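Fold and contact review
Each chain, written out:
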Amino acid sequence: MRGVVFNGNRQAEIQEFPDPQAGPGDALIKVRASGLCGSDMHRYRAPGPTDYITGHEPCGVVEDLGAGAPPGLKIGDRVMVHHYAGCGICEICSMGYEQLCPTGHITYGGGTGHGANADYILVPSRTLVHLPDELSFEEGAAISCGTGTAWNGLKKMDVSGQDTVAVFGQGPVGLSGTLSAKAMGARVIAVDVMPERLDLALELGADHVINSQETDPVKGIQVLTGGMGATASLETSGNAVARGQVLQCLRTFGRCCYVGLGGPASIDFNRDVIFKVVTIFGSWTFSKSELIEIARFMVEAQVPLDKHITHRYTLDQAVEAFRNFDTATTGKCVLVMD
Ligand SMILES: [Zn+2]
Ligand SMILES: [Zn+2]
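Residues numbered from 1 in each chain as written. Chains lettered and ligands numbered in written order. Predicted model: local features only at pLDDT ≥ 70, side-chain atom pairs only at ≥ 80, totals over all residues. Heavy atoms only, no water.

1. Re the coordination of the zinc ion (ligand 1)
The protein atoms that coordinate the zinc ion (ligand 1) are Cys87 (SG), Cys90 (SG), Cys93 (SG) and Cys101 (SG), at distances spanning 2.3 to 2.4 Å. Here the zinc ion (ligand 1) is ringed by 4 donor atoms whose angles at the metal span 105 to 118 degrees, and the overall shape comes out tetrahedral. For the zinc ion (ligand 1), the donor residues sit on a single chain with the sequence spacing C-x2-C-x2-C-x7-C. When its relative accessible area of 5% is taken as the criterion, cysteine 93 is described as buried. (Donors = N, O, S within 2.8 Å, 3.2 Å for Na, K, Ca; no water. Tetrahedral: all angles 85-135°; square planar, octahedral: opposite > 155°, others 65-115°. Buried < 20%, exposed > 50% of the residue type's maximum accessible area, 1.4 Å probe, protein only.)

Here's what the structure looks like:
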């Protein structure tokens with residue numbers, strides 16, 4: 001089968017791999033869609049090669065099941081993958097947070113296990129959840145990391161119609177934050193440096209956009225909120241400056257959630273946290289049961305998730321897909337298998 005690896009310094013390559021076989025506890029998935037995610041780009045730009053097939057947003061159909069699969073799962077089912085495997089039995093794994101297992105974990109397509117930029121992916125059958133009929137494979141792929149990450153950050157802050165939410169970064173995660181916060185009833189201020197992404201944010205329902213290269217977003221958000229500041233903010237960019245601004249833009253008693261990966265940042269805790277009585281959340285993707293919850297929300301709230309998917313590629317076009325996503329001007333890019 002075909003699988004996409006990174007050779008270092010922005011070089012993706014399609015290679016041939018043996019077809020995987022489902023052993024006990026395994027599920028073999030025929031991949032139908034695989035999303036490109038911001039965190040892929042850290043590995044894509046790194047100097048060294050990847051050891052495993054890339055792609056940590058798998059969505060597809062069960063092709064084969066090894067012994068010991070959950071009784072509710074059968075061949076032919078449409079599925080999403082909670083793409084981590086921890087020890088599977090500890091307290092944290094039992095909560096559905098295998099990525100937080102204290103004994104370590106595999107991330108399928110995230111550098112420690114083969115991923116979904118391939119014809120097939122082999123994962124433990126316990127990692128699968130059903131994809132609702134109303135959602136496409138592409139939407140299921142997006143939910144499996146990027147969209148779900150944004151949604152769960154907003155859920156932690158209990159975002160509602162009483163909120164003005166500032167979403168920093170309008171890549172696929174930030175755009176999903178804009179879509180989800182709107183669906184939760186909030187007013188949304190979207191912040192980015194790329195005009196293409198700000199235009200997309202407006203199309204997806206952002207009430208206001210701020211280009212932080214032209215306007216200080218902290219001042220811009222003050223102006224848009226009558227001098228008060230945002231009630232909640234979501235940091236998806238990982239940028240060191242944004243990591244400070246996402247706190248500075250809040251009003252008293254505001255909440256902030258960090259989901260974007262990046263380097264260290266300097267924060268004035270007296271001014272921006274203690275004396276404003278701010279609540280800070282960190283969030284890393286979601287649990288297996290939250291993956292089900294997120295998919296249900298997208299269906300019931302009729303979130304137009306497909307609108308944030310701007311580029312679709314075949315598996316054979318993977319090199320071009322990564323090159324284009326690397327420009328940071330696109331919405332969600334997804335590989336769609338035939
Ligand atoms: Zn565990
Ligand atoms: Zn991701």
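2. Things to note about a nonpolar patch on the surface
A cluster of nonpolar residues, Phe269, Ile274, Phe275 and Ile280, forms a patch on the protein surface that exposes about 440 Å² of accessible area. Position of isoleucine 280 relative to the elements: it lies in strand S15 (residues 279-282). (Patch = residues over 30% accessible without salt bridge, like charges linked within 9 Å, V, L, I, M, F, W, Y side chains within 5 Å. Areas by Shrake-Rupley, 256 points an atom, 1.4 Å probe, with all protein chains shown as cover. Salt bridge = Lys/Arg side-chain N within 4 Å of Asp/Glu carboxyl O. Helix = DSSP H or I, 4+ residues; strand = E, 2+ residues; numbered from the N terminus.)

3. Digging into the domain arrangement of the chain
According to the domain assignment, the chain contains domain 1 (2-131 + 304-336) and domain 2 (149-282). Computed over C-alpha atoms only, the centres of domain 1 and domain 2 are separated by 28 Å. Looking at the side of domain 1 facing domain 2, the largest losses of area belong to His308, Ala328 and Thr329, adding up to 38% of the total buried there. There are 0 salt bridges connecting domain 1 and domain 2. The interface formed by domain 1 and domain 2 includes 3 residue pairs in polar contact (both at pLDDT 80 or more). Its residues assigned to classes, the side of domain 1 that touches domain 2 shows 5 nonpolar, 8 polar and 2 charged. (Domains from an automatic or database assignment. Buried area = accessible area lost by both parts, 1.4 Å probe. Polar contact = N/O pair within 3.5 Å; in protein donor to acceptor, adjacent residues only side chain to side chain. Nonpolar A, V, L, I, M, F, W, Y, C, P; charged D, E, K, R; others polar.)

4. Topic: the packing of aromatic side chains
Scanning all chains against the criterion turns up 5 aromatic pairs. Note on tyrosine 84 and tryptophan 284: the rings are 5.8 Å apart at their centroids and 70 degrees apart in plane angle, and the pair reads as edge-to-face. Of this pair, tyrosine 84 sits in strand S6 (residues 84-85) while tryptophan 284 is found in the loop between S15 and helix H9 (288-300), placing the two residues 200 residues apart along the sequence. The exposure class of tyrosine 84 is buried, given its relative accessible area of 2%. Note that lysine 30 overlies the ring of tyrosine 120, its terminal NZ or CZ placed 5.5 Å from the centroid. Positioned over the ring face of phenylalanine 137 is arginine 78, at 4.7 Å from the centre of the ring. (Phe/Tyr/Trp six-rings, centres within 6.5 Å; stacked < 30°, edge-to-face > 60°. Lys NZ or Arg CZ within 6 Å of the ring centre and 35° of its normal.)

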